[in-house]
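Structural features, examined
The chain contents come next:
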Amino acid sequence: MSCIFCDILSGVKDAHILYEDSSHVAFLDKYPIDVGHSLVVPKKHHERITDMNSKAVGDLFSIVPKIANAILSATNADAFSLGQNNGRAAKQIIPHVHVHIIPRYNHKGTIWTKRSISNTDELSILARKIKSLLP
Ligand SMILES: [Zn+2]
């Protein structure tokens, strides 16, 4: 079965990569809820977080704060939400474990905006900015 995230990891599909280490990659969501919406993905394919061992889950979440900090600095967001969905009924669209980092802005309120397709140039510029802010 093909998997869009595995295709991104193997370089078959493009993504605006923000971060990469030996077991994880982070990139901008193609259909962001808001500016800077990003995904942190383990390189090993698992459908649900319950399919991973606890160390792998811990390693995945341990890199979320530094990526979230860089996103907040780059976007001037006021806050962020984390999302992690498991299974179709939970609105998991891509069946490969991922953590959503969703920046939130005071002036926009707490309503979730409709997801839209971002302009590729805008995403490139934003990805570069976030990458430059990562330690
Ligand atoms: Zn996959």
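Higher on the page you've got the structure.
For the structure given in this document, a descriptive report is provided here. (Residues numbered from 1 in each chain as written. Predicted model: local features only at pLDDT ≥ 70, side-chain atom pairs only at ≥ 80, totals over all residues. Heavy atoms only, no water.)

At 2.0 to 2.3 Å from the zinc ion lie its protein donor atoms, namely Cys3 (SG), Cys6 (SG), His45 (ND1) and His96 (ND1). One can describe the site at the zinc ion as tetrahedral: its four donor atoms subtend angles covering 102 to 115 degrees at the metal. When the donors of the zinc ion are listed by position in the chain, the intervening gaps give C-x2-C-x38-H-x50-H. Of this pair, Cys3 sits in the segment before α1 (4–9) while His45 is found in the loop between β3 (38–42) and α2 (54–62), placing the two residues 42 residues apart along the sequence. (Donors = N, O, S within 2.8 Å, 3.2 Å for Na, K, Ca; no water. Tetrahedral: all angles 85-135°; square planar, octahedral: opposite > 155°, others 65-115°. Helix = DSSP H or I, 4+ residues; strand = E, 2+ residues; numbered from the N terminus.)

Another aspect to go through is the layout of surface pockets. Size it by volume and the largest pocket reaches roughly 490 Å³. Surrounding the largest pocket, 25 residues form its lining, Ile4, Phe5, Asp29, Lys30 and Tyr31 being those nearest its centre. Among the elements of the structure, α1, β2 (24–28) and α4 (120–133) are those that each provide at least two residues to the lining of the largest pocket. Of all the elements, α1 adds the most residues to the lining of the largest pocket, at three residues. Here the lining of the largest pocket is built from residues that sort into twelve nonpolar, seven polar and six charged. (1 Å grid on protein atoms, 1.4 Å probe; cavity = no way out; pocket = protein on both sides within 12 Å on 5 of 7 lines; lining within 4 Å. Points joined across faces, edges and corners; volume = space filled by probe spheres on them. Nonpolar A, V, L, I, M, F, W, Y, C, P; charged D, E, K, R; others polar.)

Moving on: the pairing of β3. Along β3, five of the five residues are buried, which leaves the element largely enclosed by surrounding structure. Here β3 shows no split at all, with Ser38, Val40 and Pro42 on one side and Leu39 and Val41 on the other all buried. Relative to β3, β2 runs antiparallel, the two sharing five bridges. Paired with Phe27 across the two strands is Leu39, which belongs to β3. Across three bridges, β3 lies against strand β5 (residues 99–104) in antiparallel orientation. Along β5, the bridge assignment pairs Leu39 with His100. (Buried < 20%, exposed > 50% of the residue type's maximum accessible area, 1.4 Å probe, protein only. Pairing = 2+ DSSP bridges.)

When the charged atoms of two side chains with opposite charge come close together, those side chains can pair. Applying the stated criterion to the full structure yields four salt bridges. Ionic pairing is found between Asp7 and Lys13, a salt bridge with its closest N-O pair at 4.0 Å. By relative accessible area, which is 41% here, Lys13 ends up partly exposed. (Salt bridge = Lys/Arg side-chain N within 4 Å of Asp/Glu carboxyl O.)

With that settled, the discussion passes to the packing of aromatic side chains. Scanning all chains against the criterion turns up one aromatic pair. The interplanar angle of 75 degrees and the centroid separation of 5.4 Å between the aromatic rings of Phe5 and Phe27 together place this pair among those described as edge-to-face. Here the residue Phe5 occupies a position in helix α1, and Phe27 occupies one in strand β2, the gap between them amounting to 22 residues. The class of Phe5 is buried, set by a relative accessible area of 5%. Lying across the ring of Tyr105, Lys108 places its NZ or CZ 4.7 Å from the centre. (Phe/Tyr/Trp six-rings, centres within 6.5 Å; stacked < 30°, edge-to-face > 60°. Lys NZ or Arg CZ within 6 Å of the ring centre and 35° of its normal.)

Moving on, we come to the sheet that holds β2. Strand order in the open sheet formed by five strands is β1-β2-β3-β5-β4, with antiparallel pairing between adjacent strands. Strand pairing shows two members of the sheet lacking a second neighbour, β1 (17–20) and β4 (79–83), which therefore form its edges. Within the sheet, the average angular offset between the axes of one strand and its neighbour, ignoring direction, is 20 degrees. The sheet contact formed by β4 and β5 spans five bridges and is antiparallel. Across the sheet, Gly83 pairs through a bridge with His100, a residue of β5. Across the sheet, α2 is in contact with β2, β3 and β5; its angle to β3 comes to roughly 150 degrees. (Axes fitted to C-alpha atoms, helices over the stretch in contact; angles between N-to-C directions. Contact = heavy atoms within 4.5 Å.)

Treat this as a map of the structure, not an account of what it does.
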